[in-house]
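# Breakdown of the fold
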Amino acid sequence: MSDLFGLAFPFFGLIFLGYFCGWRVRLPESGLAWLTFFVIYVALPALFYRIVAQTPIHELANPAFILAVVVSTATTSLIALAIGLFFRRGHVGEAAIAVTIGAYANVGYMGPGLTLAALGQAAATPAALIFACDSLLFFTVVPLLMTMRGRGESLLHTLGLIAKRVFTHPFNIATMLGVVAAALEFREPEPLSRMLDFLRNAAAPCALFALGVTVALRPLKRVPVELGPLLVLKLVLHPMIALVSLSLFGPFSQVWTETLLLMAALPPALNVFVLARQYHVFMEEASAAVLLGTLFSVVTVTGMLFLLRGHLIPLSLF
């Protein structure tokens, strides 16, 4: 139990340290701009590049695992969409953000650092694949749903926007460069390799601290009734759906199975609020979801770590 506490505490400790600093110091949110830029455009891309580039190319070519990831996330998204449409009485725009609350895990900020610390370097490849699949799915689904609001966005414009976001996102660029490096068995010169290691080691601490500060700067005003079922779906049901999907398309190695289960148990991503702000819809609810989801995940993610460390979850249901 002490080992489990020692594993989980640094991650949630950094989030709540950032939250405390954001609540206590009250600097303007604009002060986060450069730290956020560093995390998104420099540190995390270096982490994803390093992870993928150091992985043998034959391990990256795993269509069955990719299918398991996509099916589990898509199934969870459909349930979240139904919940959003029910509670929001058919408002597609608000339901689109509800989809991200119920199914879009924090695979960018929390995922890589937590899985590598809990499961070791062998979790690097599945973590990168999960991130790429989830990013592609939500950068596609949310804009398409938003076109159904009838606000004048053309389908052609939306498809162009989707392609731009998918192919210009720094995480995806870093992942693709990593795949090329892995295929060519490219190894960076020693000075560059050291710099990438520095950036890789800085990614998780900076990202988690920034997450805590960002949540603190958006105080909780009210809790919409639909957040309850959406957060239960994200934190509890999503890992169960992932286990069923892994069982259908597997078997997979223990580390790959545990990586998907752990990342499925993560709270809603900060991008939930970013998307809500971009489309000017469901912003207060999205902010509350990130705050409460992160808070409740202290229990649910720690519980998942306990189950994984004790090998109490079967690798396959069938």
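Each remark here, short or long, concerns the structure printed above.
Everything in this summary refers to the structure shown in the same document. (Residues numbered from 1 in each chain as written. Predicted model: local features only at pLDDT ≥ 70, side-chain atom pairs only at ≥ 80, totals over all residues. Heavy atoms only, no water.)

## What about the side chain of Ser-72?
Along the chain, the position of Ser-72 falls in helix α4 (residues 63–87). Using a relative accessible area of 0% as the deciding quantity, one classes Ser-72 as buried. Each residue touching Ser-72, except ones within four places of it in the same chain, is listed here: His-238, Ile-241, Ala-242, Ser-245 and Leu-260. (Helix = DSSP H or I, 4+ residues; strand = E, 2+ residues; numbered from the N terminus. Buried < 20%, exposed > 50% of the residue type's maximum accessible area, 1.4 Å probe, protein only. Contact = heavy atoms within 4.5 Å.)

## Side note on the nonpolar core
Formed by 101 residues in total, the largest nonpolar core has its most connected members in Phe-65 and Ile-97. If near-sequence neighbours (up to four positions away) are discounted, Phe-65 is found in contact with Pro-126, Leu-129, Ile-130, Leu-246, Phe-252, Trp-256 and Leu-260. (Core = buried A, V, L, I, M, F, W, Y, C linked by side-chain atoms within 4.5 Å.)

## Observations regarding the packing of helix α2 (residues 33–53) against helix α9 (residues 170–184)
For the pair α2 and α9, the least separation of the axes is 8 Å and the interaxial angle reads 25 degrees. In terms of their interaxial angle, α2 and α9 are classed as roughly parallel. Once α2 is placed against α9, the crossing between them reads as right-handed. In contact with Val-39, Ile-40, Tyr-41, Leu-44, Pro-45, Phe-48, Tyr-49, Val-52 and Ala-53 of α2, α9 contributes Pro-170, Phe-171, Ala-174, Thr-175, Leu-177, Gly-178, Val-179, Ala-181 and Ala-182. Considering only residue class, the contact of α2 with α9 consists of 16 nonpolar, two polar and no charged. (Axes fitted to C-alpha atoms, helices over the stretch in contact; angles between N-to-C directions. Parallel < 35°, antiparallel > 145°, perpendicular 65-115°, else oblique. Left-handed = near helix turned anticlockwise from the far one by under 90°. Nonpolar A, V, L, I, M, F, W, Y, C, P; charged D, E, K, R; others polar.)

## As for unusual backbone geometry
The phi dihedral of Glu-185 is positive, around 55 degrees, even though this residue is not glycine. In this fold, Glu-185 is placed in the loop between α9 and α10 (190–216). Glu-185 gets classed as exposed once you look at its relative accessible area, which sits at 65%.

Read these as layout, nothing more, since geometry by itself doesn't imply function.
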